[in-house]
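# Structure at a glance
Each chain, letter by letter, is given below.
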Amino acid sequence: MTPEQVQALIAQILPCEQLDVEGDGHHFYATIVSSQFEGKGLLARHRLINDGLKSYLDSGELHALSMRATLTPAEFALRQ
């Protein structure tokens, strides 16, 4: 799986204002900015993504995804 494929899978789970995925084919690192994270804590944000990718993670097709950041647009703007 490529970073672009992982990015496309995440984009199917929820609309993203910003989405960056890097990786080497086995381990991927994502920064995800979405208004869907409004009102959700960190674990709920990660669960939303992991639940959407469950079949890929369970099958081993997607080996590992580390979420560097799961931010709302306002949180992302504060980091800029």
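Up top you'll find the structure we're talking about.
What you see is a predicted model; the values in this text were computed from it and never measured.

What follows is about the environment of Leu48. In this fold, Leu48 is placed in helix 2 (residues 42-52). Remark: the alpha-carbon pair of Leu48 and Gly25, spanning 23 residues in sequence, is separated by 22 Å. Leaving out residues up to four positions away in the same chain, Leu48 has contacts with Ile13, Leu14 and Phe37.

With mixed pairing, three strands are arranged side by side in an open sheet as 1-2-3. The sheet terminates laterally at strand 1 (18-23) and strand 3 (64-71), the two strands that pair on one side only. Across the sheet, the axes of successive neighbouring strands diverge by a mean angle of 15°, strand direction being ignored. As paired strands, strand 1 and strand 2 (residues 27-33) are joined by six bridges and run antiparallel to one another. What sits directly across from Glu22, in strand 2, is Tyr29. Seen against the sheet, helix 1 (residues 3-13) touches strand 1, strand 2 and strand 3 and runs at an angle of roughly 145° to strand 1.

About the cut-offs
- Residues numbered from 1 in each chain as written.
- Predicted model: local features only at pLDDT ≥ 70, side-chain atom pairs only at ≥ 80, totals over all residues.
- Heavy atoms only, no water.
- Helix = DSSP H or I, 4+ residues; strand = E, 2+ residues; numbered from the N terminus.
- Contact = heavy atoms within 4.5 Å.
- Pairing = 2+ DSSP bridges.
- Axes fitted to C-alpha atoms, helices over the stretch in contact; angles between N-to-C directions.

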